[in-house]
Amino acid sequence: MTCPEVRDRLVERSLGALPLEDVRDVERHMAWCAGCRKEAAQLDRAAATFALTLAPEAPPARLEDRVVTAVLKVADAPRARPASRRGRSAAASVIAAAVAVSALGWGTAMAGRAERFRESAKRAQVDQFEAISNFKDVIGAAAFEEPGNRVYLGTLAPSAGRSGGGSALTLVSPSITDFVMVTVAGLPPSDAGATPYEVWIVSDVTGQRLRVGDPIRRLNADGGAMRIQNARDLSAFRSVEVTDASGAVVLRGEVGPEAVVASPSP
Amino acid sequence: MDGLIAGNDDAIRALYARFSRPVYSMGMRLLGTREAAEELTQDVFVNAWRKAARFDASRGRLSTWLMTIAHNLAVDRLRRETGVTRPTLVLVDEVPDAPGIDEEDALLERDAAMRALSSLSDGERTLLARAYFRGLTAREIAESDGIPLGTVKTRLRAALIKVRRANEDKERP
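Residues numbered from 1 in each chain as written. Chains lettered and ligands numbered in written order. Predicted model: local features only at pLDDT ≥ 70, side-chain atom pairs only at ≥ 80, totals over all residues.

Chemist: How do you make sense of the overall build of chain A when you look at a structure like this?
Modeler: The secondary structure content of chain A amounts to seven helices and eight strands. Within chain A, the proportion of its 266 residues that are buried is 42%. The long-range share in chain A, meaning contacts at least 24 apart out of those at least 6 apart in sequence, stands at 68%. (Helix = DSSP H or I, 4+ residues; strand = E, 2+ residues; numbered from the N terminus. Buried ≥ 20, exposed ≤ 12 C-beta atoms within 10 Å, placed from the backbone. Contact = placed C-beta atoms within 7 Å.)

Chemist: Can you help me understand the overall build of chain B in this one?
Modeler: When helices and strands are tallied, chain B shows eight helices and zero strands. Scanning chain B from its N terminus toward the C terminus, one meets helices and strands in the order α-α-α-α-α-α-α-α. Across the 173 residues of chain B, 38% fall into the buried class. In chain B, once contacts between residues fewer than 6 apart in sequence are set aside, the share between residues at least 24 apart is 68%.

Chemist: Mind showing me how you'd approach the nonpolar core here?
Modeler: Looking at soluble globular proteins, one finds that nonpolar side chains tend to be buried together. Core analysis: the largest hydrophobic core is formed by 67 residues, its most contacted members being Val44(B), Leu66(B), Ala70(B), Ala74(B), Leu128(B), Leu156(B) and Leu160(B). Examining the composition of this core, we find that ten residues originate from one element, helix 2 (residues 9–31) of chain B, more than from any other. Each residue touching Leu128(B), except ones within four places of it in the same chain, is listed here: Leu15(A), Phe50(A), Leu156(B), Ala159(B) and Leu160(B). Ranked by size, the runner-up nonpolar core spans 27 residues in total, among them Leu171(A), Ile201(A), Val240(A) and Val255(A). (Core = buried A, V, L, I, M, F, W, Y, C linked by C-beta atoms within 7 Å.)

Chemist: How do you make sense of the interface of chain B and chain A when you look at a structure like this?
Modeler: Many structure descriptions define interface size as the accessible area lost when the parts assemble. Contacts between chain B and chain A engage 58 residues on the former and 38 residues on the latter. Mapped onto the side of chain B that touches chain A, the elements with two or more residues apiece are helix 2, helix 3 (34–51), helix 4 (62–80), helix 5 (104–117), helix 6 (122–134) and helix 8 (149–171) of chain B. If you tally residues by element for the side of chain B that touches chain A, the top one is helix 2 of chain B, at twelve residues.

Chemist: I keep staring at the pairing of strand 3 (residues 178–185) of chain A and nothing clicks. Help me out?
Modeler: Each regular strand shows side chains that alternate between the opposite faces of the sheet. Residue and element names in this part refer to chain A. Burial analysis of strand 3 places seven of its eight residues in the buried class, the great majority of the element. Where strand 2 (residues 165–172) meets strand 3, seven bridges bridge the pair, whose relative direction is antiparallel. By the bridge assignment, Ala-168 is partnered in strand 3 with Val-182. (Pairing = 2+ DSSP bridges.)

Chemist: How should I be thinking about the confidence of the model for chain B in this particular structure?
Modeler: Keep in mind that low pLDDT regions are not for reading the predicted coordinates in detail. All names here are of chain B. Overall, the prediction assigns chain B a mean pLDDT of 77, with 75% of residues at 70 or greater. Counted against residues more than four places away or in other chains, residues 82–102, with its pLDDT under 50, gives 32 contacts. In the predicted assembly, ipTM is 0.73 and pTM is 0.50. (pLDDT = per-residue confidence, 0-100.)

Chemist: Is there a simple way to think about the pairing of strand 7 (residues 237–243) of chain A in this case?
Modeler: Residues and elements named next belong to chain A. Extensive coverage of strand 7 is indicated by the burial of six of its seven residues. Pairing of strand 4 (residues 197–203) with strand 7, which is carried by six bridges, proceeds in the antiparallel orientation. Bridged to Trp-200 within strand 7 is Glu-241. Sheet topology note: the strand 7/strand 8 (residues 249–254) ladder contains five bridges and is antiparallel. Along strand 8, the bridge assignment pairs Thr-243 with Val-249.

Chemist: Can you help me understand the confidence of the model for chain A in this one?
Modeler: All names here are of chain A. When pLDDT is averaged across chain A, the result is 68; 59% of the residues are at 70 or more. Note on residues 78–118: pLDDT is under 50 here. Beyond four places in sequence and across chains, it has 65 contacts. Scored below 50 in pLDDT, residues 259–266 shows 13 contacts in the model against residues more than four places distant or in partner chains.

Chemist: Sorry, what's going on with the packing of helix 1 (residues 3–14) of chain A against helix 2 (residues 20–32) of chain A here?
Modeler: Helix packing for two helices is described by the angle between their axes and how far apart those axes are. Residue and element names in this part refer to chain A. Helix 2 packs onto helix 1 with a crossing angle of 115° between their chain directions and a minimal axis gap of 11 Å. Regarding helix 1 and helix 2, the two cross each other, and that crossing is left-handed. For the pair helix 1 and helix 2, contact is made by Val-6, Arg-9 and Arg-13 and by Asp-22, Val-23, Val-26 and His-29, respectively. Across the contact of helix 1 with helix 2, the residue classes break down as three nonpolar, one polar and three charged. (Axes fitted to C-alpha atoms, helices over the stretch in contact; angles between N-to-C directions. Left-handed = near helix turned anticlockwise from the far one by under 90°. Nonpolar A, V, L, I, M, F, W, Y, C, P; charged D, E, K, R; others polar.)

Chemist: Which parts of the structure should I look at to understand the environment of Phe179(A)?
Modeler: All names here are of chain A. For Phe-179, the location among the structural elements is in strand 3. Exposure remark for Phe-179: the 22 C-beta atoms within 10 Å place this residue in the buried category. Along the backbone, Phe-179 and Leu-234 are 55 residues apart, and their C-alpha atoms lie at a distance of 7.3 Å.

Chemist: Is there a simple way to explain the packing of helix 2 of chain B against helix 3 of chain B in this structure?
Modeler: Residues and elements named next belong to chain B. At their nearest, the axes of helix 2 and helix 3 sit 8 Å apart, and the two run at 135° to each other. Put simply, helix 2 runs oblique to helix 3. Considering the relative orientation of helix 2 and helix 3, their crossing is right-handed. Taking contact as the criterion, the partners of Tyr-16, Ser-20, Val-23, Tyr-24, Gly-27, Met-28 and Leu-31 in helix 2 are, on helix 3, Ala-36, Ala-37, Leu-40, Thr-41, Val-44 and Phe-45. A breakdown of the residues in the contact of helix 2 with helix 3 according to their chemical character gives ten nonpolar, three polar and no charged. (Parallel < 35°, antiparallel > 145°, perpendicular 65-115°, else oblique.)

Chemist: What's the story with the environment of Ala157(A) in this structure? I'm lost.
Modeler: The residue Ala157(A) is located in strand 1 (residues 150–158) in this model. In this structure, the C-alpha to C-alpha distance between Ala157(A) and Arg252(A), residues 95 residues apart in sequence, is 5.5 Å.

Written out as structure tokens, the structure reads:
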């Protein structure tokens, strides 16, 4: 969804009246769009005003102990339920792996390039980790752990004579909409002639190319950006490419295998 | 909030004492039974613990943050349980008051909320209430009233933005 499409739905979302089929798409967009998140938060506050006008009804006295016990139980859950923790760690390891492996790719890619880009890529990596964590919060770790869901990871390496790097994460699910998340960083932000960049995923089976999100017209100060694309079935789309304004491939990589999610961290 | 994040018993009880009534009231209004309202109240505080680290006091009040969580959970439940009958529309003017049982802060907050809603016309207030308290989508309202979907969306947006501005005005020094 684009920002205007999301903004068109934010009022209904804040009122809890957005059709379910739109809710996930809106939430996914807001995972990376700070502007829409801010607008949504302001509308949420306005909508909550209605709740505060309700005449207060006193809950039964016994409810307090029940609630406190429930919160304490969940707060202790990571220590009390190792199986659950492994599940969460597995999801976290997927994301950590994406970032860590990307760092290797960037390190190689940056060799011989200007030092400032090395530093900027590191900073962008931190920003991206935060963005990915936010994304995970919105989608929920359960999406990564649900039986039948498959997660593919990959790194993007620069073409000859290029700098930068990136990572891609694809989730293929029988129960929710497939999505791919692509991050890029270290692309020279001052290279106006190279923008807009475009991110593509390519089917290994049919060769079909799908553009991921909108063209990247502006990079942040560190040359980083993130794009998300939904589609019906992404299982065959294993190749990821980033092209510059001339159509030349500047970054390329492949996602897979899914085995990475099956190996929980200790 | 730090106490909540740390799983501090006293902090959880303090938060419960302050906000359990509006949350429970929300459950009663939207879900219609005491049992469902109790479950909602429990779920809200558990969710608040899970999301506590993301609460930013500079971006909004704790009460509105909690009520947003409560409303989202209640609407999710209504939609999940198709057998649950939506409660009768409750207009804020028709809500019976219960003097003497509330705490001062909550009363002040409720009073401020009522004043913010006073910026709306009766029609605007009813329109927003149909969406907020009954979970009617813009399309459902449009079909029910026989007016274009775009008109409903425009009216919902204009009304909610009025409330937002009223809230901003009252918080302005």
